[in-house]
Amino acid sequence: MFCKFRPDKQRQINEALENNDWKTYTTLVHALKSTSLSIGGRTLSEAAKQLELSGKRYMDETASAEEKEEALNYMRENNEYAMKLYTGFTDAAKELLAKRKG
């Protein structure tokens, strides 16, 4: 399921980022963090966790303008890296599953 839904989930994450929809973005990367950790994707989970924390910081009403800018920059600069990890993790999982079937 994790592999099957990756293209759609990546599209949703990227669209939320592009549309400055921080609530949706943060929710989606939270789910990615949790799901990837539960199936052994620690590096991906950590990358998603940092994006989630940045999203929460950006939406925090008590955060300073500087903190918000830093959080926003972090998300914009690191989202692509997390999506590459996501693709790599699912590709590796597909290969492993194919070997087990074959």
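Just above, that's the structure.
None of these values were measured; they are calculated from a predicted model.

**Student:** Just to check I follow, could you spell out the overall build of the chain for this structure?
**Tutor:** Regarding its fold elements, the chain presents 4 helices and 0 strands. Taken from the N to the C terminus, the helices and strands of the chain come in the order α-α-α-α. Oriented by its inertia axes, the alpha-carbon framework of the chain measures out at about 55 × 25 × 20 Å. Expressed as a percentage of contacts within the chain between residues at least 6 apart in sequence, the contacts between residues at least 24 apart total 62%. Here the chain carries 17 positive and 16 negative side-chain charges, and the mean point of each set is 11 Å from the other.

**Student:** Would you explain the pattern of salt bridges in this entry?
**Tutor:** Opposite charge on two side chains permits pairing when their charged atoms draw close. Under the counting rule described, the total for this entry stands at 5 salt bridges. A salt bridge links R11 to D8; the shortest N-O distance between them is 2.4 Å. Remark: D8 and R11 occur in helix α1 (residues 6-18); sequence separation between them is 3 residues, near one turn of the helix. Judged by relative accessible area, R11 falls into the partly exposed class, the value being 40%.

**Student:** Looking at this model, I keep getting lost on a negative patch on the surface. Mind explaining?
**Tutor:** Taken together, the side chains of D60, E61, E66, E67, E69 and E70 make up a negatively charged region of the molecular surface. By secondary structure assignment, the location of E61 is in the loop between α3 (42-59) and α4 (65-101).

**Student:** Would you take a moment to explain the packing of α1 against helix α2 (residues 22-38) for this structure?
**Tutor:** A pair of packed helices can be characterised by two numbers: the angle between their axes and the separation between those axes. Close contact between α1 and α2 brings their axes to 8 Å; oriented N to C, the two are set at 150°. Between α1 and α2, the crossing angle belongs to the class labelled roughly antiparallel. Note on packing geometry: the crossing formed by α1 with α2 is left-handed. Where α1 abuts α2, its residues Q12, I13, A16 and L17 lie against W22, T24, Y25, L28, V29 and L32.

**Student:** Could you clarify how one ought to interpret unusual backbone geometry in this entry?
**Tutor:** When glycine is set aside, most residues are seen to have a negative phi, and most peptide bonds are trans. If you check the backbone angles, N20 has positive phi at about 55° while not being a glycine. Assignment of secondary structure puts N20 in the loop between α1 and α2. By relative accessible area, N20 is classed as partly exposed at 39%.

**Student:** Is there a simple way to think about the side chain of S54 in this case?
**Tutor:** Here S54 is to be found in helix α3. Judged by relative accessible area, which is 3%, S54 ranks as buried. The contacts of S54, once residues within four sequence positions are left out, are A71, Y74 and M75.

The rules we used
Residues numbered from 1 in each chain as written. Predicted model: local features only at pLDDT ≥ 70, side-chain atom pairs only at ≥ 80, totals over all residues. Heavy atoms only, no water. Helix = DSSP H or I, 4+ residues; strand = E, 2+ residues; numbered from the N terminus. Contact = heavy atoms within 4.5 Å. Lys, Arg positive; Asp, Glu negative; His and termini not counted. Charge placed at Lys NZ, Arg CZ, Asp CG, Glu CD. Salt bridge = Lys/Arg side-chain N within 4 Å of Asp/Glu carboxyl O. Buried < 20%, exposed > 50% of the residue type's maximum accessible area, 1.4 Å probe, protein only. Patch = residues over 30% accessible without salt bridge, like charges linked within 9 Å, V, L, I, M, F, W, Y side chains within 5 Å. Areas by Shrake-Rupley, 256 points an atom, 1.4 Å probe, with all protein chains shown as cover. Axes fitted to C-alpha atoms, helices over the stretch in contact; angles between N-to-C directions. Parallel < 35°, antiparallel > 145°, perpendicular 65-115°, else oblique. Left-handed = near helix turned anticlockwise from the far one by under 90°.

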